[in-house]
Amino acid sequence: MENQRRLANNINRYEAGHSGAPRKGAALLQGIAMAMFFTPLSLLALSGLSQSQMPAASGLINFFRIMCGGFGSSIATTAWDSRTSLHHARLSEHSGIYDPQFVQATAQLQQIGMTPAQSYGVIEHTLSIQASTLAIDDIFWFSAVLSLALIAFVWLTKPIHGEHATVDIGGH
C-alpha cells in the first residue's frame, strides 16, 4: 500500500531537481512529431503506385518501419546507458567530503541511524537514479528534435504524380 501511494505521488512529480513539465513537453512533442511524420511518409511512399502494387508496397513499408524501429530501440538504449554514465560522473563531481551539501546530507542520514557506509550508499543510489533520469531526458529531447527535422524533410518532398510506374513484385 505504501509503495502504491509513493508511486501515485511520483507520477506527476519527478526527482531530477525540476518539475515534470520538461519531460511531459518532450514526450508530447515526440508524439505529435511521429504522427506528422509517418502519415505523410506513408502517403509519399505509396504515391504513384497502382492499386495492384499497393499491398506489396505497404508490406515493404511496414517491414522497414519495424526493422528501423528495432535499430532505433537498440541505439536509444545504448545512448541511454552512455548518457547515464556521463551524468553520473558529472553529479559525482559535486559529491565528496569537500562539498558542504554532501557533508550535510551524510550527517543527516547518520543522525537517523545509518552508518557512514550506508549513508554513502544511499547517496550513490540517489545519484544513479538522478543520472538515469537526466539521461532519458536527453534521449527524449534528441528524438523530438530529430523527429521535427524529419517532418520538415518529409513535408518538403513532392509526391509522384502522373502515370503509374510499372514495378515487378516478383510474380511469374
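Residues numbered from 1 in each chain as written. Predicted model: local features only at pLDDT ≥ 70, side-chain atom pairs only at ≥ 80, totals over all residues. Heavy atoms only, no water.

Asks: What is the right way to look at the side chain of Thr106 in this model?
Replies: Secondary-structure assignment places Thr106 in helix H4 (residues 100-111). Setting aside its immediate chain neighbours within four residues, Thr106 contacts Ser119, Tyr120 and Ile123. (Helix = DSSP H or I, 4+ residues; strand = E, 2+ residues; numbered from the N terminus. Contact = heavy atoms within 4.5 Å.)

Asks: Teacher, can you tell me more about the packing of helix H3 (residues 54-92) against helix H5 (residues 116-156) here?
Replies: To describe two helices that pack against each other, one gives the angle between their axes and the distance between the axes. Direction vectors running N to C along H3 and H5 enclose 130°, while the axes themselves pass 7 Å from each other. The angle between the axes of H3 and H5 places the two elements in the oblique class. Relative to H5, the crossing made by H3 is right-handed. Across the interface between the two elements, Ala76, Ala79, Trp80, Arg83, Thr84, His87, His88, Leu91 and Ser92 of H3 pack against Glu124, Leu127, Ser128, Gln130, Ala131, Ser132, Leu134, Ala135, Ile136, Asp138 and Ile139 of H5. Along the lines of polarity and charge, the residues of the contact of H3 with H5 split into 10 nonpolar, seven polar and three charged. (Axes fitted to C-alpha atoms, helices over the stretch in contact; angles between N-to-C directions. Parallel < 35°, antiparallel > 145°, perpendicular 65-115°, else oblique. Left-handed = near helix turned anticlockwise from the far one by under 90°. Nonpolar A, V, L, I, M, F, W, Y, C, P; charged D, E, K, R; others polar.)

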